[in-house]
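Here is how the chains run, residue by residue.
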Amino acid sequence: RKEVEQDPGPFNVPEGATVAFNCTYSNSASQSFFWYRQDCRKEPKLLMSVYSSGNEDGRFTAQLNRASQYISLLIRDSKLSDSATYLCVAFGDAGNMLTFGGGTRLMVKP
Amino acid sequence: EAGVAQSPRYKIIEKRQSVAFWCNPISGHATLYWYQQILGQGPKLLIQFQNNGVVDDSQLPKDRFSAERLKGVDSTLKIQPAKLEDSAVYLCASSLVGDSYEQYFGPGTRLTVT
């Protein structure tokens with residue numbers, strides 16, 4: 001079983017739609033969680049942190065449920081520029097390393 | 001501020017050949033990471049350096065992969081000999097401190113082994 005699992009998608013949504021991605025993790029010792037964004041043929045970049053209390057940054061909301069070992073990312077009012085792969089990341093479960101999920105691909109259509 | 005530099009950007013080799021990748025982290029970043037990203041998967045950590053010392057290399061296939069960061073700045077990752085399954089993007093990342101979740105990635109080296 002993978003440590004961090006995501007639905008690979010692709011999620012095809014129209015502009016303006018709301019879309020949600022989920023991620024599960026297997027190691028309860030993981031301390032922190034993040035979403036990274038990776039554009040096609042580009043490097044990953046930190047998008048936002050994930051807290052149990054929720055974290056909102058503009059159109060993006062991230063949520064952590066430790067009891068269910070489940071992380072979510074909600075994108076409201078999708079833009080064409082949101083098209084990318086979103087990587088769910090666990091931190092701190094082994095030597096303070098980042099463990100990446102396989103990514104969820106989002107395609108926003110006009 | 002200059003980002004993480006990597007070279008070459010692309011490399012095509014035949015199996016059993018050797019290849020080396022170079023990385024120069026962001027100035028002042030003590031921690032350097034090498035990741036392997038196979039198509040359709042997330043990055044997988046190969047090795048982590050803190051200055052010129054190895055912090056974690058548990059996922060580095062040491063029979064064929066080696067890495068060094070002799071002066072605590074730039075780093076080289078080598079594969080010798082390469083196998084078909086080594087075809088991937090090799091990403092270098094750096095962070096200011098060793099326990100930072102915010103890592104800055106370079107553009108990667110896309111390796112194709114034929």
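The structure under discussion appears in the preceding block.
Residues numbered from 1 in each chain as written. Chains lettered and ligands numbered in written order. Predicted model: local features only at pLDDT ≥ 70, side-chain atom pairs only at ≥ 80, totals over all residues. Heavy atoms only, no water.

## Things to note about the environment of Ala82 of chain B
Residues and elements named next belong to chain B.
- Within the secondary structure, Ala82 is located in the loop between β8 (75-79) and β9 (88-95).
- C-alpha separation for the pair Ala82 and Arg16, spaced 66 residues apart in sequence, amounts to 4.8 Å.
- In this view, Ala82 contacts Ile13, Lys15, Arg16, Gln17, Arg64 and Val113; residues no more than four positions away in its chain are not counted. (Helix = DSSP H or I, 4+ residues; strand = E, 2+ residues; numbered from the N terminus. Contact = heavy atoms within 4.5 Å.)

## Description of the sheet that holds strand β1 (residues 4-6) of chain A
Residue and element names in this part refer to chain A.
- The strand order across the open sheet formed by five strands is β1-β3-β8-β7-β6, and the pairing between neighbours is antiparallel. Each of the sheet's edge strands pairs with one partner strand only, and the pair in question is β1 and β6 (55-57). Put simply, the sheet's adjacent strands are angled 15° from each other on average, direction ignored.
- Sheet topology note: the strand β3 (residues 19-25)/strand β8 (residues 70-75) ladder contains six bridges and is antiparallel. Bridged to Phe21 within β8 is Leu73. (Pairing = 2+ DSSP bridges. Axes fitted to C-alpha atoms, helices over the stretch in contact; angles between N-to-C directions.)

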